[in-house]
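Overview (structure and organization)
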Amino acid sequence: MRYGLPTLLALVPALALAAPQEAEPLQEFSSDAPVAPTVTVRGDVRLMGGVDTGFEPARDDGLGEHVVDGWGRASLATDVKLGPSLRLVVEGRALWRGGAQKGFEREKSSFEPFVGEAFLDVYTPWVDVRVGQQTLVFGANPFFAPTDVLNPRDLRQSFVQLEPEDLKLPVFAARALASVGPLSVTAVWAPFFFADRYDVFGQDMALLQPQLGVPVPISVDPSVEDGLQPHLLETQRPGLPGDVGLRVTGDVGRVKLGGSWVWANEKQPQVTFDPELETLLRARERGEPVDAALLLSLQDRLSAGERLITGRYARQHVVAAEASTLVGSAQLDVDVGFSPSRTFYSDRLRPLRKSAVSWVVGVSQAEESDLIYSVTYTGLAVPDVGAQEVLFLLEPGTARGQERTAFFHLLVADVGYSLLEGRLQVGMRGAFEPIQRSFLVAPRVGWRVSEHVHVGLAAEVYGGPSFSAFGYFNRNDQVLASVRLSL
């Protein structure tokens, strides 16, 4: 993009309104297990179409909203138990999506097949090892925990209509799980880098929104623009040593306590613009004449092969403590984490490296019931914010004027209820950010036609100031219909 970078680095993981997911338990080695291989096949196909509640006029610059959207997701997995000590899982996935602006202008579609989870498990009496494409779980609050940063995210679709498995993308890694006395120890090494999947422009959930006032970085036909976007903001990708993580948990009475540490590359690039180039772009944005000497300097530097834009992936350490326990029929999860340096963005979209403290408190239904709920509060404290700095989307412009510790708070809730012996499901997902009073509300209703066929109807409503967490996407209010077919 012209000046700046992805805007949701610190924010998007907290917007994924996914239901809580338990970590996979440590496998037990048993010589009495059946030797004959067993094969299980599972899969599903999900289709969704959306129509906006208001039709913004079509635009030719790639920033217009899609007033109609459609997407489909398919997965097919084979789970083979080769014996008491070996298990092989291979999954293929595919994503299709399409959309168009008002009057079916700038219509486009794409199809993307890719490998899902594909790993080999080896179980022994001492340690269980998994090697391959896999989803990793760190912390008590999956998708919210501070150290849950090893898997990239797919940020190209609605934050509230996706299932948990759609948000976290499998990453190639080696994982070892062992019991050391009363402790459970997980060690992870992900040697190869995988970035988040996101759209820079041209899609409703893209990082570049119209109110930002930033033009698109390229001018191409809509039919090919999405295929070019994965590398638009990067100039270099990390190599070895990759990402490393360690987690230790143990039970103290009825409370499960633990701690974790991760040393990992951030999954979105930190883009830096040369000061002379940024001055030129800002002048053009304001319609001011450009200094001839500045143009000549930039021309000379480009001719000399200088790089005026860089997009690199910073590394960060994150340490966290966690606790989980049952309180009646509810599960209580708490995470507290600290990172000495992570990337944020100023209101001028300049990257800022700041330390940060984050915390998450979640309560969810832990027993089988017609009523299913989860409520999560997540907070963030960023000390040493300069008097002239404002953290983009995390605090209002009025915060400028004095050095401070910036705070961000987010309350996320998901509630559902089953009726008619489980055939009818009604529910609501929502989020509220109190500092700028932005919000998201997503009611839904579903009907189980048969054991393998589900249909649904939902809506998404965004509100708040243009540069708040949810107001940034307030052009995407829509009504959606869905169908899910499962094996």
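This part covers the overall build of the protein chain. In terms of regular secondary structure, the protein chain is built from five helices and 20 strands. The C-alpha radius of gyration computed for the protein chain amounts to 24 Å, which stays within 12% of the reference 23 Å derived for 487 residues, consistent with globular compactness. Overall size of the protein chain, expressed as C-alpha extent along the three principal axes, is 80 × 45 × 40 Å. Per-residue burial over the protein chain gives 49% buried out of 487 residues. In the form shown here, the protein chain has an accessible surface area of approximately 22000 Å², with 62% of it arising from carbon and sulfur atoms. Of the charged side chains in the protein chain, 44 are positive and 59 negative, and the gap between their average positions amounts to 2 Å.

The full count for this structure, using the stated rule, is five aromatic pairs. Aromatic side chains phenylalanine 172 and phenylalanine 192 sit 5.7 Å apart centroid to centroid with 45 degrees between the ring planes, which places their arrangement in the tilted category. On the criterion of sequence distance, the pair formed by phenylalanine 172 in strand β6 (residues 171-180) and phenylalanine 192 in the loop between β7 (183-190) and α3 (222-228) is long-range, its members being 20 residues apart. By relative accessible area, phenylalanine 172 is classed as partly exposed at 29%. Aromatic pair phenylalanine 392 and phenylalanine 467: ring centres 5.7 Å apart, planes at 50 degrees, arrangement tilted.

This brings us to empty space enclosed by the protein. Taken as a whole and assessed by the stated rule, the structure comprises six cavities of 30 Å³ or more. As a volume, the second largest cavity reaches approximately 260 Å³. What lines the second largest cavity is a set of 24 residues, among which Asp69, Trp71, Arg156, Gln157 and Ser158 lie closest to the centre. For the lining of the second largest cavity, the secondary-structure elements that each account for two or more residues are β1 (38-52), β2 (68-83), β3 (86-101), β4 (105-123) and β20 (478-486). By residue class, the composition of the lining of the second largest cavity is four nonpolar, 13 polar and seven charged.

Any region with low pLDDT has predicted coordinates that should not be read closely. Per-residue confidence for the protein chain averages 87 on the pLDDT scale, and 90% of its residues sit at or above 70. In the predicted structure, residues 1-33 sits below a pLDDT of 50 and forms 110 contacts with residues beyond four places in sequence or in another chain.

This part is about helix α5 (residues 292-303). An ideal rise of 1.5 Å per residue puts 16 Å on twelve residues; α5 measures up with 16 Å between its terminal C-alpha atoms. Immediately downstream of α5, the backbone of glycine 305 shows phi near 85 degrees, a positive value.

This part covers the nonpolar core. In terms of nonpolar packing, the biggest core is built from 44 residues, with Leu212, Phe344, Leu380, Val382, Leu391, Phe392 and Phe470 touching the most fellow members. Listing elements by their share of this core, those giving two or more residues are β10 (270-273), α4 (275-285), α5, β13 (330-345), β14 (351-365), β15 (371-385), β16 (404-419) and β18 (438-450).

Another aspect to go through is the pairing of β20. Note: β1 against β20, nine bridges, orientation antiparallel. Note that in β20 the partner of valine 45 across the bridge is leucine 485.

For the structure on display, the rule yields 26 salt bridges. The partner of glutamate 225 in a salt bridge is arginine 106, with the nearest N and O atoms 3.1 Å apart. Of this pair, glutamate 225 sits in helix α3 while arginine 106 sits in strand β4; the two residues are 119 residues apart in sequence, bridging distant segments of the chain. There is no split in this pair, since glutamate 225 and arginine 106 are both buried. Note that arginine 153 is salt-bridged to aspartate 148, the shortest N-O span being 3.0 Å. Like aspartate 148, arginine 153 is buried. Residues joined by salt bridges that share partners form a network here, namely Arg97, Arg106, Lys108, Asp199, Glu225 and Asp226.

Turning our eyes to something else, we now look at the side chain of aspartate 154. With respect to the helices, strands and loops of the structure, aspartate 154 is situated in the loop between β5 (127-134) and α2 (164-167). At 3.4 Å, the side chain of aspartate 154 and the side chain of arginine 73 are in polar contact. Within the structure, the side chain of aspartate 154 is placed 2.9 Å from the side chain of arginine 156, a separation counted as a polar contact. When near neighbours in sequence (up to four residues on either side) are disregarded, aspartate 154 contacts Arg73, Leu162, Asp166, Leu167, Leu169 and Arg197.

Most peptide bonds take the trans form, and the phi angle of most residues other than glycine is negative. Put simply, leucine 240 and proline 241 share a cis peptide bond, and its omega is 20 degrees. The topology assignment puts proline 241 in the loop between α3 and β8 (243-252). The backbone of leucine 420 shows a phi angle near 55 degrees, a positive value even though the residue is not glycine. The topology assignment puts leucine 420 in the loop between β16 and β17 (424-433). Although it is not a glycine, glutamate 421 sits at a positive phi angle of roughly 55 degrees. Of note, glutamate 421 is situated in the loop between β16 and β17. Owing to a relative accessible area of 81%, glutamate 421 belongs among the exposed residues under this scheme.

Summarising the element assignment, histidine 452 is placed in the loop between β18 and β19 (453-463). With 32 residues separating them along the chain, histidine 452 and arginine 484 place their C-alpha atoms 7.8 Å apart. Sequence-distant contacts of histidine 452, that is, excluding residues within four places in its chain, are made with Arg484, Leu485, Ser486 and Leu487.

Reading the values: the criteria
- Residues numbered from 1 in each chain as written.
- Predicted model: local features only at pLDDT ≥ 70, side-chain atom pairs only at ≥ 80, totals over all residues.
- Heavy atoms only, no water.
- Helix = DSSP H or I, 4+ residues; strand = E, 2+ residues; numbered from the N terminus.
- Rg over C-alpha atoms; globule rule 2.2 N^0.38 Å.
- Buried < 20%, exposed > 50% of the residue type's maximum accessible area, 1.4 Å probe, protein only.
- Areas by Shrake-Rupley, 256 points an atom, 1.4 Å probe, with all protein chains shown as cover.
- Lys, Arg positive; Asp, Glu negative; His and termini not counted.
- Charge placed at Lys NZ, Arg CZ, Asp CG, Glu CD.
- Phe/Tyr/Trp six-rings, centres within 6.5 Å; stacked < 30°, edge-to-face > 60°.
- 1 Å grid on protein atoms, 1.4 Å probe; cavity = no way out; pocket = protein on both sides within 12 Å on 5 of 7 lines; lining within 4 Å.
- Points joined across faces, edges and corners; volume = space filled by probe spheres on them.
- Nonpolar A, V, L, I, M, F, W, Y, C, P; charged D, E, K, R; others polar.
- pLDDT = per-residue confidence, 0-100.
- Contact = heavy atoms within 4.5 Å.
- Expected span 1.5 Å × (residues − 1).
- Core = buried A, V, L, I, M, F, W, Y, C linked by side-chain atoms within 4.5 Å.
- Pairing = 2+ DSSP bridges.
- Salt bridge = Lys/Arg side-chain N within 4 Å of Asp/Glu carboxyl O.
- Polar contact = N/O pair within 3.5 Å; in protein donor to acceptor, adjacent residues only side chain to side chain.

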